[in-house]
Amino acid sequence: MPEHLTLDGFRADLAECLFLEPDEVDLEDGPFDTGMDSLRIATLLERWRAAGADVTFVELAERTTFAQWWQLLSDRREQRI
Amino acid sequence: MTEGQPLLAAQEGIWAGQQLDMDSPAYNTAEYLRISGPVDPAVFDRALHHVVAETEALNVTFGTDDTGRPRQTLAPARTWHTHMADLTAERDPHAAALAWMDRDMGHPADLTRGPVFGHALLRTGPEEYLWYHRVHHIALDGFGLSLVARRVAQVYTALMAGEPVPDSGFGTLESVLTEESAYRESTRYAEDRVHWTGRYGDRPPVATPAGRSALPARTFHRHVTDLDRATSDRLRTVARGLKVTWSEVLLAVTVAHLHRLTGAREIVLSLPVMGRLGSASLRVPAMVRNVLPLRVPVTSADSLRALAPQVSRELRAGLPHQRYRYEQLRRDLRLVGGERRLSGPGVNIMPFEYGLKFAGHPSTVHNVSAGPVDDLAVNVYDRGDGTGLRVAVDTNPDLYTRAETAAFQEGLLALLTQALTDPDRPLGRARAHRDILVLDGGPLPAPARPVLSVIAGHAARRGGAPAVEHDGRVLTYAQLFGAAKDVARALAVRGVGRGDVVAVALPRGADAVTAVLGVLMSGAAYCPLDLGAPAERGARLLDGAAASLVLTTGDLAARFTEHPVLALPSPGTGDARPGAAPVSPGPADLAYVLHTSGSTGHPKGVAVGHSALAHFVTAAAHRYGLRREDRVLQFAPPHFDASVEEIFLTLCSGATLVVRTDDMTDSVPSFLDTCARLRVSVLDLPTAYWHEVAYAVSTGAAALPECVRTVVIGGEAALPERVERWRKAVGTSVALLNTYGPTEATVVATVADLHDPGLATGDVPIGLPLPGTRAAVLDGELYLLGPALADGYRPDVPDGARFAPLTALPDAPRAYRTGDLVRVGEDGRLRHLGRADSEFKISGLRVQPAEIENALLDHPRVKEAAVVGEILPDGTRRLVAHLVASAPAPPATEVRDHLRARLPAAMIPSAVEFTDRLPRTRSGKIDRAALAGPPERRAPSAGSPLERTITGVWGQLLGTDDVAPDDDVFDLGAQSLQAIQAANRLGIALGRDLKVAWVFQHPTAAALARFLTGTDAGTGEEAPPSAVLPPTALLADTTLDSGIRPGTGRVRRAPRRVLLTGATGFVGTHLLARLLTATDAEIVCTVRAADAAEAADRVHEALTAHGIALDEGAAARLTVLPADLARPGLGLSHETLSELAATTDAVFHNAATVSIMRDYATLRAANTDSTRQLLRLAAVNTTPLHYVSTLSVAPPTSLAPEVPEEFLPLHGGLLHGYQQSKWASERLLEQAAERGLPVSVHRLGRVVGPAATGRVNERDFLWGVLRAGIPAGIVPDLFEDEVWTPVDFVAASLVHLCLGQGDPMATGPVFNHATLPRVRLADVYDWVRAYGYPVRTVPLARWRESLPRSADAAATTLAFFDSTARDSSTAGATADLGLGRVRSDRVRAGLDGSGITCPPIDRSLFFRHLDHSVRAGLLPVPTPRPEVSAK
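> How do you make sense of the overall build of chain B when you look at a structure like this?
Along its length, chain B carries 42 helices and 57 strands. Out of the 1431 residues belonging to chain B, those deemed buried represent 48%. Within chain B, contacts between residues separated by at least 24 positions form 75% of all contacts whose residues are at least 6 apart in sequence.

> Which parts of the structure should I look at to understand the overall build of chain A?
When its secondary structure is counted, chain A shows 4 helices and 0 strands. The order of helices and strands in chain A, counted from the N terminus, is α-α-α-α. Residues classed as buried in chain A amount to 26% of the 81 residues present. Counting only contacts in chain A whose residues sit at least 6 apart along the sequence, the fraction spanning at least 24 positions is 53%.

> When you look at the sheet that holds strand β40 (residues 862–871) of chain B in this model, what are you seeing that I'm missing?
Sheets are built from strands that pair by backbone hydrogen bonding, the pairs being arranged parallel or antiparallel. Residue and element names in this part refer to chain B. Taken in spatial order, the 3 strands make up an open sheet running β40-β41-β42, and their pairing is mixed. The outermost strands of the open sheet, each flanked by one partner alone, are β40 and β42 (911–914). Strand-to-strand twist in this sheet, taken as the mean axis angle between neighbours without regard to direction, amounts to 25 degrees. Note that β40 and strand β41 (residues 877–885) share 9 bridges and pair antiparallel. Residue pairing in the sheet places E864 in a bridge with V884 of β41. Each of β40 and β41 touches helix α21 (residues 849–857); the most contacted strand, β40, lies at about 150 degrees to it.

> Quick question: what am I supposed to make of the interface of chain B and chain A here?
Bring the parts together and some accessible area is lost; that lost area is often taken as the interface size. On the chain A side, the residues contacting the 16 residues of chain B number 16 residues. Residues that form the side of chain B that touches chain A fall into these classes: 9 nonpolar, 3 polar and 4 charged.

> What is the right way to read helix α17 (residues 641–653) of chain B from this model?
Helical geometry: 3.6 residues make up each α-helical turn, so side chains three or four residues apart lie on a common side. All names here are of chain B. The terminal C-alpha atoms of α17 lie 18 Å apart, and with 13 residues this matches the ideal 18 Å at 1.5 Å per residue to within 8%. The element α17 is largely enclosed, with a buried count of 13 among its 13 residues. Positive phi shows up at G654, right after α17, with a value of about 75 degrees.

> Whenever I open this one, helix α20 (residues 720–730) of chain B confuses me. Can you help?
Burial in α20 of chain B covers these residues: E721, R722, V723, W726 and R727 of chain B. Buried-residue contacts for α20 of chain B involve α19 (687–699), β29 (735–740) and α21 of chain B.

> Hey, could you run me through the sheet that holds strand β7 (residues 128–136) of chain B in this one?
All names here are of chain B. If you trace the 6 strands from one edge of the open sheet to the other, you get β5-β6-β7-β2-β13-β12, paired in mixed fashion. Only two strands of the sheet have a single neighbouring strand rather than two, namely β5 (83–86) and β12 (357–358). Pairing of β5 with strand β6 (residues 117–125), which is carried by 4 bridges, proceeds in the parallel orientation. Bridging from a neighbouring strand, H83 pairs with A120 of β6.

> Honestly, the nonpolar core in this entry has me stumped. Any pointers?
As a rule of thumb, soluble globular proteins bury nonpolar side chains together. Residues and elements named next belong to chain B. With 143 residues, the main nonpolar core has A139, V249, A252 and V255 as its most contacted residues. The two domains that each donate at least three residues to this core are domain 1 (2–176) and domain 4 (945–1025). Those residues in contact with A139 that lie beyond four places of it in its chain are A57, L58, V60, V116, F117 and M287. A503, A515, F671 and V764 belong to the second largest nonpolar core, which has 137 residues in total.

> Whenever I open this one, the confidence of the model for chain A confuses me. Can you help?
Caution applies to low-pLDDT regions: their predicted coordinates should not be interpreted in detail. When pLDDT is averaged along chain A, the result is 85; 91% of the residues meet or exceed 70. The secondary-structure element of chain A with the lowest mean pLDDT is helix α4 (residues 66–80) of chain A, recorded at 83, while helix α3 (residues 57–61) of chain A shows the highest, at 92.

> Explain the environment of V1067 of chain B to me, please; I cannot follow it from the model alone.
Residue and element names in this part refer to chain B. For V1067, the location among the structural elements is in helix α29 (residues 1066–1078). Accessibility expressed as a C-beta count within 10 Å gives 23 for V1067, which makes it buried. Each C-alpha atom, one on V1067 and one on P1286, is 9.8 Å from the other, the two residues being 219 residues apart in sequence. If we skip the residues at most four places from it in the chain, V1067 touches N1150, V1188, V1247, V1287 and A1291.

> Please explain the packing of helix α33 (residues 1160–1180) of chain B against helix α34 (residues 1217–1234) of chain B as it appears in this structure.
Geometry of a packed helix pair, given as the angle between the helix axes and the separation of the axes. Residue and element names in this part refer to chain B. Running from N to C, α33 and α34 point in directions that differ by 20 degrees, and their axes come no closer than 8 Å. With respect to α34, the axis of α33 lies roughly parallel. Of the two elements, α33 crosses α34, and the hand of that crossing is right-handed. Contacts between α33 and α34 pair Y1160, T1162, L1163, R1164, N1167, T1168, T1171, R1172 and L1175 from the former with G1217, Y1218, Q1220, S1221, K1222, A1224, S1225, L1228, L1229 and A1232 from the latter. Its residues assigned to classes, the contact of α33 with α34 comprises 8 nonpolar, 8 polar and 3 charged.

> What exactly am I supposed to notice about the pairing of strand β15 (residues 389–395) of chain B here?
Each regular strand carries side chains that alternate between the two faces of the sheet. Residues and elements named next belong to chain B. Looking at chain direction, strand β8 (residues 221–226) and β15 are connected through 6 bridges and run antiparallel. If you follow D226 over to β15, its bridge partner there is R390. As paired elements, strand β14 (residues 376–382) and β15 share 7 bridges and run antiparallel to each other. Looking at the pairing, L376 lines up with T395 of β15.

> Looking at this model, I keep getting lost on unusual backbone geometry. Mind explaining?
Leaving glycine aside, a negative phi is the common case for residues, and trans is the common case for peptide bonds. Residue and element names in this part refer to chain B. Cis geometry marks the peptide bond from G114 to P115; its omega dihedral reads -10 degrees. Among the secondary structure elements, P115 is positioned in the loop between α3 (93–105) and β6. The residue after R794, namely P795, is reached through a cis peptide bond having omega -10 degrees. Tracing the backbone shows P795 in the loop between β34 (792–793) and β35 (803–805). In this structure, R334 takes a positive phi of about 55 degrees despite not being glycine.

> What is the right way to look at the packing of helix α24 (residues 945–958) of chain B against helix α27 (residues 1005–1013) of chain B in this model?
All names here are of chain B. Their axes nearest at 9 Å, the elements α24 and α27 cross at an angle of 125 degrees. As the angle between them shows, α24 and α27 are arranged oblique. Between α24 and α27 lies a crossing whose hand is right-handed. Contacts from L946, E947, I950 and T951 in α24 reach A1005, A1006, L1008, A1009, L1012 and T1013 in α27.

Thresholds, definitions, all that
Residues numbered from 1 in each chain as written. Chains lettered and ligands numbered in written order. Predicted model: local features only at pLDDT ≥ 70, side-chain atom pairs only at ≥ 80, totals over all residues. Helix = DSSP H or I, 4+ residues; strand = E, 2+ residues; numbered from the N terminus. Buried ≥ 20, exposed ≤ 12 C-beta atoms within 10 Å, placed from the backbone. Contact = placed C-beta atoms within 7 Å. Pairing = 2+ DSSP bridges. Axes fitted to C-alpha atoms, helices over the stretch in contact; angles between N-to-C directions. Nonpolar A, V, L, I, M, F, W, Y, C, P; charged D, E, K, R; others polar. Expected span 1.5 Å × (residues − 1). Core = buried A, V, L, I, M, F, W, Y, C linked by C-beta atoms within 7 Å. Domains from an automatic or database assignment. pLDDT = per-residue confidence, 0-100. Parallel < 35°, antiparallel > 145°, perpendicular 65-115°, else oblique. Left-handed = near helix turned anticlockwise from the far one by under 90°.

Structural data, given as structure tokens:
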């Protein structure tokens, strides 16, 4: 399942977790405020690592907006390419 | 080094928890990593030390500041070592490793000194290592552990590769503290608080399978099961389908399972959360974890598909507020202390596999302990090897057994499997499994005929036969029928007839019978009114029943001004007015409306039809065997349904109804005499009154008249004890019919023959249904069916649903649900178990008060008993027994001991109250509602001195003067920290050890005072706090540390080294001498002294003082060690202790501070803790430990007729600190024995001087009495007789039993040294007189008053008597010393053939003692000189 990670895919993943439609995801929201828990983060992490993003749980968990998550994922993805 | 910084909020919670039980190891958390591959232990050790050094949280110690607030100090951890062991030689290396871990987990961490952690590297295979990591929860949470583990892997890998160790990246504790205080100042904090206090402001009830709460225990039960891979995969798939996480599925199934177990409509879970998202603490190993409450409404119809999204929503609503501390929320909601709780069972999901590699070698992580378990916790771990999940259910052993733990888990996993297979299936209990049992009374013996036509038949055929007799007046059937017809006509004239209800307000008597029949003849139904009830109630019933008219007497007519009244006798309406003839009722018409007090307390009118009445009368008359010759007593007033039975059964049988007069029940004897005079043959009595009759008959106070052939009882459960009394006194020739039936099923539904000789003792069935009636038992509850059921309620009431089709039976017949719990015995007969609504759940048990009441009534002095369950404001559940006892009332402790022998612990009432009479309802039943009322609040100034001390301390802490003895301090806002402060201050104020846990468990001053004085039973007795230690506290104080277990096995051999304590005492010197002569061993004596020289001097002085000389060989084998048994480690160095543990072949623990004055708290270190320490020492090498105890630990004869050679349970006779400290030691030894340690206990009586020399024990209490009394010419009457043993004999016996050929352990560890005949005090005083001292025996109080206070020798003795007199002014010392029969079979058997004997303790031996005392100047020279002294 290591599909290439795109912003749309990222939004879709978040939307699935948050019971939202992808276009309803506000990237300025924080994981904490949306009721994200560590198991959800771990599940997403597993998926994104499989898609080639070299990130850790701590790195995701310490960031306070989804935009920061995407920034991190984009950076790490680029490093690998 | 940073000085004393505050704790993180989460740490404070842990710190407070640890204060509840300072020695508890429960806060140790641990995990181990299994490393597959070679490990270099030295490098690993370096890595561990490197990581520990850089992890701040592991380099802390804890203390308190001036205000008692905890502080932590950052300082490098004390020197520590990694435990390295190669276990590959073990048969099961892995099991050996786990066993080692288990032992290690049993050691409590010392927070004040550190280190708070421990490491081990255990080799379990050629290329397999377990790295074990234990940390006190105050330092790290689960995430913190993972950070440390990750770092250790990183450092080890770098070291192995020879690369520089990368930076840890750890943040500082300071940064977490700063973040935390910033949070507390933020608007976010305020918002979070609003969220939680809003969501939980209603303080939802917390349902758990145990049904109660307890403080966390020191250990927990764990039941582990692995979910196979298919189930684990299915879990994830189903979760995805439901758009939830798999953890939410597990939460939902746990909620459903708890609902199934508790029936609660809402489950409140406890969810540990990491609490680190978006926080600096993500990079700081620390204790940050929080707990979220999670409340989920649930019904048994909920499916997983319905429940899981609900759980998910609730969880996601709470998660954004997860930083708000759980402890703070409890404070906000005032849910601290007592049994208050915010949330119940925990669900802890740890989905993270570390996936760590150690120099390239993979590892898996395994949890050992997640910390203390409050109630029950479901922990879910990833197994880490790709095979699925592991589910570990942890429970608090104080609340659940191992079996219950396993059953919980099995049920949970079965439900999980079911839910995963079919997510749409309801998760509640499936109805298909309900068992239903039906008992059928069989067909009626004859068709049911309407009662009026049967009575008319008797009037027509036997008109002259007596129908009713009352107070000398007789109505024949013809007269009765005629008078009734008159009434019917009079009613018809008033337009009253079929479909109407006529109230009958008449006292018991012929007129009432006439009126009842008259109303029925008019076609109307009658509704009897209770003339004793308040007018307002009467009026309400009249309105409710829609009565058309009130039938009453002229005197009473004025009461019913609001209603049409017909006064009897009817004012001569004559028989005119044709056209107004009464119309007979049909079978479908109502016969009567009778009011019962419903469970709600509001009376309900039960409407019974003619058909039901006819069925009942036909069935019951047949079943009771009534004959026309019978004379049946009408006992019940008309408004009781028993009167229906009495009137209609009698009249339909053509028998005579004998109406009782009001004065007939003045006393049972006069009642029975009157029955005899009236030639009553059938007595129909309320069970409550019959209980009195049975008691009186059984004691001979009254006799059952010979004319009585049948007694029918009913109305409440018959007490087995009274049934037994009755059967013994009356035999089985008189029929005793126990009837059961609600008014709704027309008087009686089931009947049992209690005179059946085949009934077992204590068995009181309610029998079988009457003919025509069926009984169904569903879920233990009784349902009644058949034509005798009432029509319903008039007016209809909301719980009319009790009449409903029973769908569990074919065709769903109409049934009445009784609310009574029953059981069907093997004989097919019903047994009544109690009311479904009076069942009280306590300590996880369903308790029927009746069962406890029956056990109470077994006590010979208990006359009446009522047990009620109470739920105190703090949520604590307790049982209270209200008793009426014959004087003198037995002490509450005796009552509870009596119960303990008969019932499980949870069923022993925590309070026993004596009263002159029990409150009763108007119908004569015990008024439980009145008993269950809460105690009145007393004023703050009220209370005993002890209560005021407690309220005073709380007042200071809470800053208020308004703390009353019955106030729950946690309701007043007390917090955990304040409870800890209160315990400390109270400990100082009262001069005793006071555990923090006690303050939590007894949140009112009154309760704490009761607990501290051991008068928990509410006897009102108040002992001075210093004199009496609470027995329960004693129990709590005598838990043997779990680490004390048999160590390496040992070879039994002739002892080469024996350790003896207390060698300088009276018994000790003789024991020492005997050990030296009877063995070749070195005897090591511990002596309290500053140095070795002083210690040696003390031993030699003691030997000399007791006239014991050692030969050179013996003296050479004596080693004296300066020690102090009251100090930790016995005041010996580590090396000395280890050496003693390794080389000692036997320990004789004889040392004790003997003081009848001092309280337990001050004797505990020397007398009890010393035993604990010596056990620890002896356990190392499984060395036998022999303990010298005292017979004064035994209960007095008033509590136990016999003193067994067994360990003794806690009892009320342990009044003095010395007794308590010795009992406490025995309790420790008992636990040691249970664990397989070789111990023995030797109880001695009064040890007197050696038979051989005549010396005396000058410090003995009795010699003190003689020395004070002989010069004054008076001696006190102290006790009847006592066990005396000469010291040389007891020393020889003891050494022989402990070291002789036989194995003392094989015959049981307890020995009572009481083989000699007891010595009578009267004989002793006679010997004193014969010796030449003219003494008078006087009562103790007189002796004390007459004796000059200055009598120096008796100073202690007098003080002792003063102290005992305060405890109990009448019993004096007698109660302390009087023992029942002392068994000493084991001692006798052990000495058999040993040649060790003792001369009798007689006058000649006693004279030798007196001779010695005179020689030593202890006693004056007697005048005249004794004539026999030289013999």
